[in-house]
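For reference, the chains in residue letters:
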Amino acid sequence: MADDGMLLNFDLGEAALKPQVKYTGGRWRDRSHAQRTAKGKPSLKSWDGANGTPVDKARPLGRGDGDDGNDIDGDRPVKRLRTSGETQGRTHKGGSDRTDAKSLSYMTGKLPPGSISSGSRQGNHQMTKSGPVTSRLFTSNPAQKTVFDEPTEDQEPTKPSNAPLSEEAENFHALGLSRRIALHLSSKLEMKAPTSIQKNTIPPLTKDDSDAFLQAETGSGKTLAYLLPIVQRIMALSHDQDGTSTGTKIHRNSGLFAIILAPTRELCKQIATVLEKLLRCAPWIVSTTVIGGESKKSEKARIRKGVNILIATPGRLTDHLDHTKVLDVGTVRWLVLDEGDRLMEMGFEEELKSIVGQIRKEDLKKQNAEGVRLDALPQRRVTVLCSATMKMNVQKLGEISLQDAVHITASKSDDDADAEVNESVFSAPAQLKQSYVIAAAKPRLVTLIALLKSTFARKGSVMKAIIFISCADSVNFHFELLRSLAASAASEDTSKTANTVADAAYITSPANPKISLFKLHGSLAQPVRTATLTAFKEEKEPSVLITTDISSRGLDVPAVELVIEYDPAFSVADHLHRMGRTARAGRAGKAVLFLQPGSEEGYIKHLQAPNLSGQSSDTVIEKGFITPISLPRASASDAESPVLESEKSPFKRAEALQLHLEQRLLESEKTGSKLLDSARQAFRSHIRAYATHVKDERVFFDITQLHLGHTAKSFGLREAPGGIGGGPSRRVIKGGQQKSGTAQKRKAAAHDSDDDIPKNRGTDKGDGMGVTDEEAAKRMRMKMKAVMSAASEFNIG
Ligand SMILES: Nc1ncnc2c1ncn2[C@@H]1O[C@H](COP(=O)(O)OP(=O)(O)OP(=O)(O)O)[C@@H](O)[C@H]1O
């Protein structure tokens, strides 16, 4: 019975069970009174002997909130027993926050309506007959310290800080771009005026030959800020400002003039798309990508045919520099390092040094192979470093790559720019509405579902949302858990996105009966990654992308209106990049950060975000589960979705949903769906990933404060699985009690599927998102060792 999900959810207090006397006949009030007198309980108020304080009486066996029409307390809301250490001050409207065994078991299909099972409650756990326990959702959660501000009246909408400037004030031609480009931007790309960073970048980069460090908010148009001057100056070889031909013909074999490096394949492809659109006004200029995960042979062939602008991941470019003889960097005038801090963070320092070194080593050719003078191009090699945030490692990258660089920001004056640098206010776009939810570990999962459910309750309120999760295993699990069962059962789909796109369950509403669910992480094959991202961008129905930090940088999907950080980012800079997937180019957007009560609450102040609003998981659950929850259909042929209709209050629905999810996991063992295994694996990787927050922020994300049992519940597990660093199966990390085998720890670290850590650079020299090899494992161990110093009791470094 351990795993059959038959739960006995009765609250009998701490006292030993006494034999029950059953009273029949007469009025229910008299029966109730007699029953209570027999138990020596004169009134409904009881006394908590342990605390010496009066407490609300726990509900007797088998009496519900009216589920069975046998409610002894009539309409009076029945409160649950409060136990020590439990969150204080919760008042759940509409009755008890717990769900009776009877209704839950009925809901999970294990008990017929009307039947009652017996058992005993131990602490805050529910016993099944054979002993294993399942912890209740709303009890024994750590108390939250944060006091939420009263919601203020609707304020004036904040003026977007990353929007294009007004057309009257600025235009691209006035900044020094040719009429041809300016016309193309306004007529074909619908860009009439530049953004601030474009306004400040285009003039110096089109006229001067200095290196530059571009820094501006997410979604402020940095890509075009560096691309436009490059295209302008290459075009100037063959056409003057008014578009008149200079008589010089430039074509794909005229030389490689610019190399753009970006940390992920997705970002490279995105930059390539922007550039392709731009080059439609100068089709004689040819660009291409060289990125990991694609055929090196065809990349070589494209390089041989000739290319003027190359977009690459550092690993793959180093590979081509070493092995592709036709790759001549003598004519290269620009090296752009997009998302510079991320490039360094991913461990590409050696590759970057090698690339910069090789490009500098080559003599600068003043004319190309055909003898065409390259005077319109910079007379020295220009390096442009680009990021929304600046970490210390960017400084190092600057030292490696920049010489006499100018620092260009979106600010109006140099003074403002200095202030930005000094104060490190590389903030989120002003119009982005930032908020956080304090959710304890146990109700985290249902809180997420409640948030999504209220998000999609109204048609058109949100079209696209992104959920950030710390590691690939956890992304896989949450995708499988939240997808429609009918879709996974009937999987005859052989397309690339067969396992990464599905209909969502649980979060649909009458207004949005179809919501598409997507998953993306670095352990997926490159064609799957590309197809999934394209499908997400093109999806017309409301859609949710569950992803790792692989999507946190540069990804530009303008229709994203909501970002949820279900697992907090590993650093504040990453947090800014994640939130920056919404509120782009002046659009509105919302970002919600999940934090747990306790040390994580300190992160709120650390963020120093203006107008950051907070709410409790109770509030989210109340809003989200105000209407019944649709459970997934068991098969495609089921006409109606089963709905949790028997549960009437949002909190009862939340508990019922949690039990349903736990039940699904247990039943998956029988059906062979591997959901339980996936949950266990996700849990392990999640714990490991939690230990990799940057050192300065580990005071908030303190692994010693994590309660493994409670965290397991957020993965639908009834107990914490073993295998975290090779230790025993049930552990609570507290006070450095943990010990585990080193060999297994190394193994665990080496197989961590966290996308934040490059794994594949020893062999394919790609972008670090692929199969683990020995060298990568060694580097990873070193990195893990470094980041794990504060978690030594966890011993997985
Ligand atoms: N002048 C402009 N007018 C209107 N839209 C623009 C303009 N410039 C860029 N955009 C749009 O703004 C969005 C964000 O641009 P981009 O991806 O270059 O931002 P970014 O600053 O590089 O962001 P991140 O730091 O997140 O990578 C894109 O959808 C782009 O098409």
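Predicted, not measured: the structure shown is a model, and the values here were computed from it.

Quick notes on the rules
- Residues numbered from 1 in each chain as written.
- Predicted model: local features only at pLDDT ≥ 70, side-chain atom pairs only at ≥ 80, totals over all residues.
- Heavy atoms only, no water.
- Buried < 20%, exposed > 50% of the residue type's maximum accessible area, 1.4 Å probe, protein only.
- Helix = DSSP H or I, 4+ residues; strand = E, 2+ residues; numbered from the N terminus.
- Axes fitted to C-alpha atoms, helices over the stretch in contact; angles between N-to-C directions.
- Parallel < 35°, antiparallel > 145°, perpendicular 65-115°, else oblique.
- Contact = heavy atoms within 4.5 Å.
- Nonpolar A, V, L, I, M, F, W, Y, C, P; charged D, E, K, R; others polar.
- Near = heavy atom within 4 Å.
- Polar contact = N/O pair within 3.5 Å; in protein donor to acceptor, adjacent residues only side chain to side chain.
- Areas by Shrake-Rupley, 256 points an atom, 1.4 Å probe, with all protein chains shown as cover.
- Domains from an automatic or database assignment.
- Core = buried A, V, L, I, M, F, W, Y, C linked by side-chain atoms within 4.5 Å.
- 1 Å grid on protein atoms, 1.4 Å probe; cavity = no way out; pocket = protein on both sides within 12 Å on 5 of 7 lines; lining within 4 Å.
- Points joined across faces, edges and corners; volume = space filled by probe spheres on them.
- Phe/Tyr/Trp six-rings, centres within 6.5 Å; stacked < 30°, edge-to-face > 60°.
- Pairing = 2+ DSSP bridges.

Undergrad: Tell me what's going on with helix 8 (residues 314–323), and back it up with residues and numbers.
TA: With eight of 10 residues buried, helix 8 is to be regarded as a mostly interior element. For helix 8, every residue scored as buried is listed here: Pro314, Gly315, Arg316, Leu317, Thr318, Asp319, His320 and Leu321.

Undergrad: Kindly report on the packing of helix 19 (residues 617–624) against helix 20 (residues 650–671), identifying the contributing residues and their values.
TA: Their axes nearest at 8 Å, the elements helix 19 and helix 20 cross at an angle of 95°. Between helix 19 and helix 20, the angle falls in the class roughly perpendicular. Here helix 19 contributes Asp618, Ile621 and Glu622 to the contact with helix 20, which in turn contributes Pro650, Phe651 and Ala654. A breakdown of the residues in the contact of helix 19 with helix 20 according to their chemical character gives four nonpolar, no polar and two charged.

Undergrad: Hey, could you go over the site of the ligand for me, with residue numbers and the actual values?
TA: Taken together, 20 residues surround the ligand, and among them Gln198, Gly219, Lys222, Thr223 and Asp556 come closest. Note that a nitrogen atom of the ligand is positioned 2.8 Å from one of the backbone N or O atoms of Ala193. Glu339 is positioned with one of its side-chain polar atoms (N or O) 3.3 Å from an oxygen atom of the ligand. For the ligand, whose unbound accessible area comes to 640 Å², protein coverage reaches 88%. Class assignment of the residues belonging to the shell around the ligand gives a composition of six nonpolar, eight polar and six charged. Shared between two domains, the shell around the ligand takes at least three residues from each, and those domains are domain 2 (196–414) and domain 3 (432–713).

Undergrad: For the environment of Gly255, give the residues involved together with the corresponding values.
TA: When you line up the elements, Gly255 lands in the loop between helix 5 (222–235) and strand 7 (258–261). On the basis of relative accessibility, which here comes to 16%, the residue Gly255 falls in the buried class. The spacing of Gly255 and Ala369 is 114 residues in sequence and 7.6 Å in space, taken between C-alpha atoms. Those residues in contact with Gly255 that sit more than four places away from it in its chain are Val307, Asn308 and Thr331.

Undergrad: How would you sum up the nonpolar core? Please name residues and give values.
TA: Counting residues in each nonpolar core, the largest one holds 74 residues, and the members touching the most others are Tyr506, Val544 and Leu657. When sequence neighbours within four positions are dropped, the list of residues in contact with Leu657 reads Val446, Ile449, Tyr506, Phe625, Ile629, Leu631 and Leu644. With 50 residues, the next largest nonpolar core counts Ile197, Leu224, Ala225 and Ile291 among its residues.

Undergrad: I'd love a proper account of empty space enclosed by the protein, names of residues and values included.
TA: One water molecule sets the probe size; rolling that probe over the atoms shows where empty space is left. Tallied over the full model, the rule gives six cavities of 30 Å³ or more. Empty space within the largest cavity amounts to approximately 90 Å³. Residue lining of the largest cavity: Arg444, Ser470, Asp567, Pro568, Phe570, Phe594, Gln596, Glu600, His686, Ala689, Tyr690 and His693, and that is the complete set. Sorting elements by how many residues they give to the lining of the largest cavity places helix 21 (residues 675–690) first, with three residues. Counted by class, the lining of the largest cavity contains five nonpolar, four polar and three charged residues.

Undergrad: Talk me through the packing of aromatic side chains; I want residue IDs and the actual numbers.
TA: Tallying each qualifying case throughout the model produces nine aromatic pairs. Both rings, one in Tyr566 and one in Phe594, keep their centres 5.2 Å apart while their planes meet at 75°; by these two values the pair is edge-to-face. In this pair, Tyr566 sits in the loop between strand 18 (560–565) and helix 17 (572–579) while Phe594 sits in strand 19 (residues 589–595), placing the two residues 28 residues apart along the sequence. Ring centres of Tyr603 and Phe701 lie 4.8 Å apart, and the angle between their planes is 70°; on these two criteria the pair is classed as edge-to-face.

Undergrad: Describe in detail the sheet that holds strand 18, supporting the description with residues and values.
TA: In sheet architecture, strand pairing relies on hydrogen bonds along the backbone and comes in two forms, parallel and antiparallel. Within the open sheet, the eight strands sit side by side as 15-16-17-14-18-19-13-20. Their pairing is mixed. Two strands in the sheet have a free side with no partner beyond their single neighbour: strand 15 (501–503) and strand 20 (613–616). With direction set aside, neighbouring strand axes in the sheet form an average angle of 20°. In this sheet, strand 19 lies alongside strand 18 in parallel orientation, the contact comprising four bridges. When the sheet's bridge partners are listed, Glu565 is paired in strand 19 with Leu593. In the packing of helix 13 (residues 444–455) onto the sheet, contacts are made with strand 13 (432–438), strand 14 (464–468), strand 17 (543–547), strand 18 and strand 19, and the angle to strand 19 comes to roughly 165°. The sheet strands contacting helix 19 are strand 13 and strand 20, and the helix crosses strand 20 at an angle near 75°.

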